[in-house]
Amino acid sequence: MTSGFIQRHLLGTRTLSAAEILDLLDRADRYVAVNRSPEKKLSVLAGRTVINLFYENSTRTRTSFELAAKRLSADVVNMQTGASSVAKGETLIDTAATLNAMHPDVLVVRHHDSGAVSLLSQKVNCAVVNAGDGWHEHPTQALLDALTIRRRKGKLAGLKVAICGDVLHSRVARSNIHLLTTMGAEVRLVAPRTLCIPGAESMGVSVFHDMAAGISGCDIVMMLRIQNERMSGGYIPSTREYFRHFGLDRERLAAAKPDALVMHPGPMNRGVEIDSDIADDVDRSVIREQVEMGVAVRMAVLESVTRNLARENGEPWGDEK
Ligand code: CP
């Protein structure tokens with residue numbers, strides 16, 4: 001299938017076509033049923049090696065990549081950078097070259113610098129998956145968000161999606177903007193002026209600085225975490241003030257469509273960007289479902305990049321053997 005996802009690396013959603021996105025979502029959708037069955041082990045990646053190299057903390061992404069690889073029968077190595085030679089000053093590129101010499105099939109990388117994962121991908125022979133780089137991209141988060149939305153709403157095209165909060169520092173927002181606009185959704189950014197992307201309109205979105213106006217009539221309200229670790233100055237007056245103007249509670253959610261779904265990539269700052277009453281309301285919040293879809297999406301991505309690498313190297317894959 002030439003119109004599907006045939007790239008060796010998954011570095012972002014900006015360069016993905018609608019056909020590539022659909023290919024990954026359809027493949028992930030099939031893995032959801034596997035993950036819900038008692039027997040979850042498939043032999044798709046038997047004999048393959050996946051290394052998770054995380055320079056930043058993670059619960060959801062790192063665990064779900066590990067689970068995804070194990071469910072496909074790959075051998076998985078989790079690099080704890082704090083307990084590795086990274087702590088002795090080894091550079092990202094030297095670390096990548098060292099791991100590459102051990103012949104992994106896939107490197108899954110999270111790094112605090114935007115562009116670091118793309119740079120690394122140019123220095124290795126294996127496939128590379130971006131698990132989040134700085135403010136830049138978090139492609140598997142956007143794919144799992146899209147899968148969650150598509151399974152609930154039956155489509156992506158034509159939906160009104162409000163991405164709300166600390167958009168400026170958010171790689172989740174950027175990957176979602178690229179993916180959702182490619183798929184024909186109407187994307188709105190709702191943020192304080194200090195936390196919006198300058199010139200965001202050029203990305204094909206509309207911008208609001210008032211929460212009620214921004215989420216009015218929306219099908220999806222996607223809340224973002226206030227990313228204190230990426231802020232060096234006073235972007236918001238106080239968390240209490242922030243919640244008063246940009247936090248999501250039941251009263252504010254009433255401006256969206258009556259069947260609007262609430263999303264959050266996690267981890268949440270309860271009472272800062274989202275009220276617990278909404279976050280834990282299973283009739284409105286799909287936050288736990290997003291986590292579930294993360295495993296299926298990462299299975300689809302690991303399978304796809306490994307298959308694409310094998311084909312690039314002229315090796316038979318699956319039924320081709
Ligand atoms: N959404 C997300 O990336 O969560 P983690 O930081 O826990 O991986």
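Refer to the preceding data block for the structure.
Everything in this summary refers to the structure shown in the same document. Keep in mind that what you see is a predicted model, and the values were worked out from it rather than measured.

Observations concerning the overall build of the chain
In terms of regular secondary structure, the chain is built from eleven helices and nine strands. For 321 residues, the compact-globule estimate of 2.2 N^0.38 gives 20 Å, and the chain sits close to it at 19 Å. Along the three orthogonal principal directions, the C-alpha set of the chain runs to about 55 × 45 × 40 Å. Across the 321 residues of the chain, 56% fall into the buried class. In the chain, of all internal contacts separated by at least 6 residues, the share reaching a separation of at least 24 is 73%. Put simply, the chain shows about 13400 Å² of open surface, and 50% of that area lies on carbon and sulfur atoms. Positive and negative charge centroids in the chain, built from 39 and 38 side chains respectively, lie 1 Å apart.

A short note on the pairing of strand 4 (residues 127-133)
Burial runs high along strand 4: seven of the seven residues are buried. Bridge count for strand 3 (residues 106-111) against strand 4 is five bridges, and the pairing is parallel. Directly across from V108, in strand 4, lies its bridge partner V129. For the segment spanning strand 3, helix 4 (residues 116-121) and strand 4, crossover handedness is right-handed.

Re the environment of D105
On the secondary structure map, D105 appears in the loop between helix 3 (92-100) and strand 3. D105 sits in the buried class, given a relative accessible area of 14%. Residues D105 and V128 lie 23 residues apart in sequence; the distance between their C-alpha atoms is 8.6 Å. Contacts of D105, omitting those with residues within four sequence positions, involve G47, R48, T49, C126, A127, T306 and L309. In this structure the side chain of D105 is engaged in a polar contact, spanning 2.8 Å, whose partner is the backbone nitrogen of T49.

Cut-offs used in this document
- Residues numbered from 1 in each chain as written.
- Predicted model: local features only at pLDDT ≥ 70, side-chain atom pairs only at ≥ 80, totals over all residues.
- Heavy atoms only, no water.
- Helix = DSSP H or I, 4+ residues; strand = E, 2+ residues; numbered from the N terminus.
- Rg over C-alpha atoms; globule rule 2.2 N^0.38 Å.
- Buried < 20%, exposed > 50% of the residue type's maximum accessible area, 1.4 Å probe, protein only.
- Contact = heavy atoms within 4.5 Å.
- Areas by Shrake-Rupley, 256 points an atom, 1.4 Å probe, with all protein chains shown as cover.
- Lys, Arg positive; Asp, Glu negative; His and termini not counted.
- Charge placed at Lys NZ, Arg CZ, Asp CG, Glu CD.
- Pairing = 2+ DSSP bridges.
- Right-handed = clockwise from strand over helix to strand, strands pointing away.
- Polar contact = N/O pair within 3.5 Å; in protein donor to acceptor, adjacent residues only side chain to side chain.

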